[in-house]
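What follows is each chain in one-letter form.
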Amino acid sequence: MVMKSLAVAAFALLSLTVGAGAKPALPLTASTVFKDGPKGAKIHIASNFACPDRIGRYIRDAVGESDLESGSDFCSYYALDGVYGTVTLTPLRGAYNPAASLSAQFIQQEGIGAKKVGEKTIALGPKGDQIKVYTRTYETAHLETLHYRLTYTGAAYKGWIVETTTEYAEPRDDAVNREFLDWVYGPALKDITARAEAAR
């Protein structure tokens, strides 16, 4: 009876809110932020960024919304042997500071004991058409011959923040990780649509 009473009260409150002219916020789903593209790709509707079914050894396993407040959406990938990659797209509002934008993830990793082993700006993408990308790498564990890395990257492009998180073992997966990053900051950006707000 108590649960039923609470449910009735909640419904009544919702009815009053909607009746007053306020519409309850509906969560965004993958179907509202991505659409189907050619050859199994998922296209980010707002930016036209394409997340293909496969990137080399990587297989796409999910797309969707990351954060409703910031407007961030993501597509994530995995490969064998614990290799992962995630791309996050966020509308750019003001100047982009990658270290500040990714600071929450940095704090989380350092809080669980990960060791920062690198931070620099590198050129990614095809030769002759590369863009500068901020990177920071953490070591999360190591064995005799393998060092397990977590790398964050970020760059602003046509009014969008394009960030990635990759998990891999060095040196075993260095080439696979670089292939993923070169794709994100190369071919994947060529069809991205500039945000009108950013051009003003």
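Refer to the preceding data block for the structure.
I will try to describe carefully the structure that is included in this document. (Residues numbered from 1 in each chain as written. Predicted model: local features only at pLDDT ≥ 70, side-chain atom pairs only at ≥ 80, totals over all residues. Heavy atoms only, no water.)

Take the overall build of the protein chain next. The number of helices and strands found in the protein chain is six helices and 11 strands. Within the protein chain, contacts between residues at least 6 apart in sequence are counted, and of these 46% link residues at least 24 apart. Within the structure as shown, the protein chain displays about 11,700 Å² of accessible surface, and the carbon and sulfur contribution to it stands at 58%. (Helix = DSSP H or I, 4+ residues; strand = E, 2+ residues; numbered from the N terminus. Contact = heavy atoms within 4.5 Å. Areas by Shrake-Rupley, 256 points an atom, 1.4 Å probe, with all protein chains shown as cover.)

Here we come to the sheet that holds strand β1 (residues 34-36). Taken in spatial order, the three strands of this open sheet run β1-β2-β3, and their pairing is antiparallel. Whereas interior strands pair on both sides, the edge strands pair on one side only; in this sheet they are β1 and β3 (50-51). With two bridges joining them, strand β2 (residues 42-44) and β3 adopt antiparallel strand pairing. Residue pairing for β3: K42 is matched across the bridge by C51. (Pairing = 2+ DSSP bridges.)

A few words now on the state of the cysteines. Scanning the entire structure with this criterion turns up one disulfide. Each disulfide pairs two cysteine sulfurs, and for C51 the partner residue is C75, the sulfurs being separated by 2.3 Å. Looking down the S-S bond of the C51 and C75 bridge, the torsion is -70°, so its handedness is left-handed. Note that C51 is positioned in strand β3 and C75 in strand β6 (residues 72-79), a separation of 24 residues in sequence. By relative accessible area, C51 is classed as buried at 0%. Take C75: its relative accessible area is 1%, and that puts it in the buried class. (Disulfide = S-S within 2.5 Å. Buried < 20%, exposed > 50% of the residue type's maximum accessible area, 1.4 Å probe, protein only.)

To continue, consider the environment of G125. Summarising the element assignment, G125 is placed in the loop between β8 (115-124) and β9 (131-142). Taking the C-alpha atoms as reference points, G125 and P187, separated by 62 residues in sequence, lie 7.4 Å from one another. Once residues lying within four places of it in the same chain are set aside, the contact partners of G125 are Q130, D182, Y185 and G186.

A separate point is the packing of aromatic side chains. Considering all chains together, one arrives at eight aromatic pairs under this definition. Here the aromatic rings of F106 and Y138 are separated by 6.0 Å at their centres, their planes lie at 45°, and the arrangement is tilted. Here F106 is found in helix α4 (residues 103-111), whereas its partner Y138 is found in strand β9, with 32 residues between them in sequence. On the basis of relative accessibility, which here comes to 0%, the residue Y138 falls in the buried class. When the centroid spacing of 6.3 Å and the interplanar angle of 45° are considered together, the rings of F180 and W183 count as tilted. Separated by three residues within a single helix, F180 and W183 lie in helix α5 (residues 174-184), roughly one turn from each other. The same class applies to F180 as to W183, namely buried. The positively charged end of R136 is found above the aromatic ring belonging to F106, 3.9 Å away from the centroid. The ring of W160 is capped by R195, whose NZ or CZ atom sits 5.7 Å from the centre of that ring. (Phe/Tyr/Trp six-rings, centres within 6.5 Å; stacked < 30°, edge-to-face > 60°. Lys NZ or Arg CZ within 6 Å of the ring centre and 35° of its normal.)

Glancing now at the side chain of S47. Mapped onto the elements, S47 comes out in the loop between β2 and β3. Here F49 takes part through its backbone nitrogen, which lies 3.2 Å from a polar atom of the side chain of S47. Dropping the residues within four chain positions of it, S47 is found in contact with L89, W160, D191, I192 and T193. (Polar contact = N/O pair within 3.5 Å; in protein donor to acceptor, adjacent residues only side chain to side chain.)

Once that is clear, we can look at α5. Three or more residues of α5 are buried, namely V176, N177, F180, L181, W183 and V184. For α5, the buried positions fall inside an angular range of 160° around the axis, keeping them on one side. (Arc of directions from axis to C-beta.)

Right, let's get into the nonpolar core. Nonpolar side chains in soluble globular proteins tend to end up buried together. Formed by 29 residues in total, the largest nonpolar core has its most connected members in F49 and Y185. Secondary-structure elements contributing two or more residues to this core are β5 (58-67), β6, β7 (83-91), β9, β11 (160-170) and α5. Of all the elements, α5 adds the most residues to this core, at five residues. Apart from the residues within four sequence positions on either side, Y185 is in contact with L124, G125, I131, V133, T153, G154, A155, V162, E163 and T164. (Core = buried A, V, L, I, M, F, W, Y, C linked by side-chain atoms within 4.5 Å.)

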